[in-house]
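# Per-entry structural report
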Amino acid sequence: MGIYDLVVKRIHELCKERSITPNALSYMAGVSQSTVKSILNGESKNPGIVTLKKLCDGLDVSIVEFFDTDEFKRLEQEIK
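Residues numbered from 1 in each chain as written. Predicted model: local features only at pLDDT ≥ 70, side-chain atom pairs only at ≥ 80, totals over all residues. Heavy atoms only, no water.

### With respect to the pattern of salt bridges
Once the charged atoms of two side chains with opposite charge are near each other, the side chains can pair. Applying the stated criterion across every chain yields a total of five salt bridges. One salt bridge connects Glu17 with Arg18, and the closest N-O pair in it is separated by 3.3 Å. The class of Arg18 is partly exposed, set by a relative accessible area of 32%. Note that Lys53 and Asp57 form a salt bridge whose closest N and O atoms lie 2.6 Å from each other. With Lys53 and Asp57 both in helix α4 (residues 49–59) and four residues apart, the pair spans about one turn of that helix. Residue classification places Lys53 among the partly exposed residues on the basis of a relative accessible area of 40%. (Salt bridge = Lys/Arg side-chain N within 4 Å of Asp/Glu carboxyl O. Buried < 20%, exposed > 50% of the residue type's maximum accessible area, 1.4 Å probe, protein only. Helix = DSSP H or I, 4+ residues; strand = E, 2+ residues; numbered from the N terminus.)

Rendered as structure tokens:
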């Protein structure tokens, strides 16, 4: 699983933990619903760090907490 897939998975996990929908997240994060939808549906494969930070703010986690999972820690180096 690549980083993009892990980001999507993590957003879904955090939404589920907080019992919120992606639409609610978009409102809480100040990010358009279409942006959240495009990230979660694979239309936007490279969400910007500013957008991810806003989503983290909406989820009430730091950017460090967002990426602090075993799966992210096990990612292989992209450039070989």
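### Considering the nonpolar core
Core analysis: the biggest nonpolar cluster contains 21 residues, and Ile11, Leu25, Leu55, Leu59 and Phe66 have the highest contact counts within it. Elements represented by at least two residues in this core include exactly α1 (3–18), α2 (22–29), α3 (33–40) and α4. Tallying contributions element by element places α1 first for this core, with seven residues. Non-local contacts of Ile11, meaning those with residues more than four positions away in its chain, are made with Leu25, Ile39, Leu40, Leu55 and Phe66. (Core = buried A, V, L, I, M, F, W, Y, C linked by side-chain atoms within 4.5 Å. Contact = heavy atoms within 4.5 Å.)

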